[in-house]
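# Structural description and commentary
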Amino acid sequence: NAGVTQTPKFQVLKTGQSMTLQCAQDMNHNSMYWYRQDPGMGLRLIYYSASEGTTDKGEVPNGYNVSRLNKREFSLRLESAAPSQTSVYFCASSEIALAGGSSSSKNIQYFGAGTRLSVL
Amino acid sequence: QKEVEQNSGPLSVPEGAIASLNCTYSDRGSQSFFWYRQYSGKSPELIMFIYSNGDKEDGRFTAQLNKASQYVSLLIRDSQPSDSATYLCASITGTASKLTFGTGTRLQVTL
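This part is about the overall build of chain A. Scanning chain A for helices and strands turns up zero helices and eleven strands. Along chain A, helices and strands appear, N-terminal first, in the series β-β-β-β-β-β-β-β-β-β-β. In summary, chain A has a C-alpha radius of gyration of 14 Å against a globular reference of 14 Å for 120 residues, a match within 12%. Dimensions of chain A, computed from C-alpha atoms along their principal axes, come out at roughly 45 × 25 × 25 Å. Here chain A holds 120 residues, and the buried ones make up 49% of them. A fraction of 57% describes how many contacts in chain A between residues 6 or more apart in sequence connect residues 24 or more apart. Taken as a whole, chain A presents about 5400 Å² of accessible surface, with 50% of it coming from carbon and sulfur. Of the charged side chains in chain A, 11 are positive and 8 negative; the average position of the first set lies 5 Å away from that of the second.

Below is the structure:
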């Protein structure tokens, strides 16, 4: 049981290049999320997918696109990378999206190991 | 003002002492709160979550929630060097499971 798997672990891009970060979970979770983490900024939500077939913008969506390929997979695409997108990217998943029962442990998010991206 | 605020630290405590990590939030609609631990270069891992006023204990960890004062805290008893990490506080508001994170508090447990 791998949990949340992200690929690649490291990537260096030149400004203007494109790439896709892959994320897959094997916990049969409905909801998936993409965050970026920068020093002093904490984790910021880029996009999320409450369920298969839906995606929504988070706090910092500009410059990114996402695809919820199926229930297991949620990819993040940088169409034209910029140095400001140098960051550590984390994918996460949770059993449910809607906090019907915000006290539920089903809201807990589980994180992948991260992708360290440098844009030169 | 960020919705979830934490002191960035570092908070330095001697081995065996109690570490107290604090978090305040601005949205009174916040319902559940999560404490994640993040070792340097690693991903966040859940320690505890709490949604009711009062204390919740799990081993050496106790989460405290005070909705009237809008703060959440995490106490770590008998602190160990292995507890040295950044601790992230996060909240859920409304009907969606989007987490809002604080910037984290770095804890150093000294020998």
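Below, the discussion takes up the packing of aromatic side chains. All chains considered together, the criterion is met by twelve aromatic pairs over all chains. Ring centres of tyrosine 64 of chain A and tyrosine 89 of chain A lie 5.9 Å apart, and the angle between their planes is 65°; on these two criteria the pair is classed as edge-to-face. Taken together, the residues tyrosine 64 of chain A in strand 7 (residues 64-68) and tyrosine 89 of chain A in strand 9 (residues 87-94) connect sequence positions 25 residues apart. Tyrosine 89 of chain A carries the same exposure label as tyrosine 64 of chain A, and that label is buried. Consider the rings of phenylalanine 34 of chain B and phenylalanine 49 of chain B, whose centres lie 5.8 Å apart with planes at 20°: the pair is stacked. You can see phenylalanine 34 of chain B sitting in strand 4 (residues 30-38) and its partner phenylalanine 49 of chain B sitting in strand 5 (residues 45-50), a full 15 residues away along the chain.

Quick look at the sheet that holds strand 1 (residues 4-7) of chain A now. All names here are of chain A. Read from one edge to the other, the open sheet built from four strands follows the order 1-3-8-7, with strand pairing classed as antiparallel. Edge positions in the sheet fall to strand 1 and strand 7, since each has one partner strand and no second. With strand direction ignored, the average angle separating the axes of adjacent strands in the sheet is 15°. Two elements, strand 3 (residues 19-25) and strand 8 (residues 74-78), share three bridges in a ladder whose sense is antiparallel. Looking across to strand 8, one finds that threonine 20 is bridged to arginine 77.

By definition, a disulfide links the sulfur atoms of two cysteine residues through a covalent bond. All names here are of chain A. All told, the structure shown has two disulfides over all chains when counted by the stated rule. In this model, cysteine 23 is linked to cysteine 91 through a disulfide, with the two sulfur atoms separated by 1.9 Å. Disulfide cysteine 23-cysteine 91: the torsion about the S-S bond is -75°, which places it as left-handed. Here cysteine 23 is found in strand 3, whereas its partner cysteine 91 is found in strand 9, with 68 residues between them in sequence. Assessed through its relative accessible area of 3%, cysteine 23 is described here as buried. According to the relative accessible area criterion, cysteine 91 is buried, its value standing at 0%.

Before going further, it helps to spend a moment on the pairing of strand 3 (residues 19-25) of chain B. Regular strands place side chains that alternate from one sheet face to the opposite one. Residues and elements named next belong to chain B. Burial of the side chains of strand 3 is restricted to one face: Ala19, Leu21, Cys23 and Tyr25 are buried, whereas none of Ser20, Asn22 and Thr24 on the reverse face is. Note: strand 3 against strand 8 (residues 71-76), six bridges, orientation antiparallel. Residue pairing for strand 8: alanine 19 is matched across the bridge by isoleucine 76.

What counts, and at which threshold
- Every chain is numbered independently, its residues counted from 1 as its sequence is written.
- Whichever chain is written first becomes A and whichever ligand is written first becomes 1, with later ones labelled in order.
- Only residues with pLDDT of at least 70 are given local features in this predicted model, and only at 80 or more are side-chain atom pairs given and counted; all residues enter the totals for whole chains, interfaces and linings.
- Computation of side-chain values: all heavy atoms of the structure, hydrogens and water removed.
- In this text, helices come from DSSP runs of H or I with a minimum length of four residues, and strands from runs of E with a minimum of two, each type numbered from the N-terminal end.
- Here the globule rule is a power law, 2.2 Å times the number of residues to the power 0.38, and the radius of gyration is based on C-alpha atoms.
- Summary of the burial criterion: residues with accessible area below 20% of their type's maximum are buried, those above 50% are exposed, and those between are partly exposed, where the area comes from a 1.4 Å probe applied to protein chains only.
- In what follows, a contact means two residues having at least one pair of non-hydrogen atoms within 4.5 Å.
- Only the protein chains shown count as cover for residues, and all accessible areas are computed by the Shrake-Rupley method using a 1.4 Å probe.
- His is not counted here, nor are the chain ends, while Lys and Arg score as positive and Asp and Glu score as negative.
- By convention, the charge on Lys lies at NZ, on Arg at CZ, on Asp at CG and on Glu at CD.
- For Phe, Tyr and Trp, rings pair up if their centres lie within 6.5 Å, where Trp contributes its six-membered ring, and each pair is then called stacked (planes under 30 degrees apart), edge-to-face (over 60) or tilted (otherwise).
- Paired strands are those between which DSSP finds at least two bridges.
- Axis definition: a line fitted to C-alpha atoms, limited for helices to the stretch in contact. Angles are taken between N-to-C directions and run from 0 to 180 degrees.
- A pair of sulfur atoms, both from cysteines and within 2.5 Å, is called a disulfide here.

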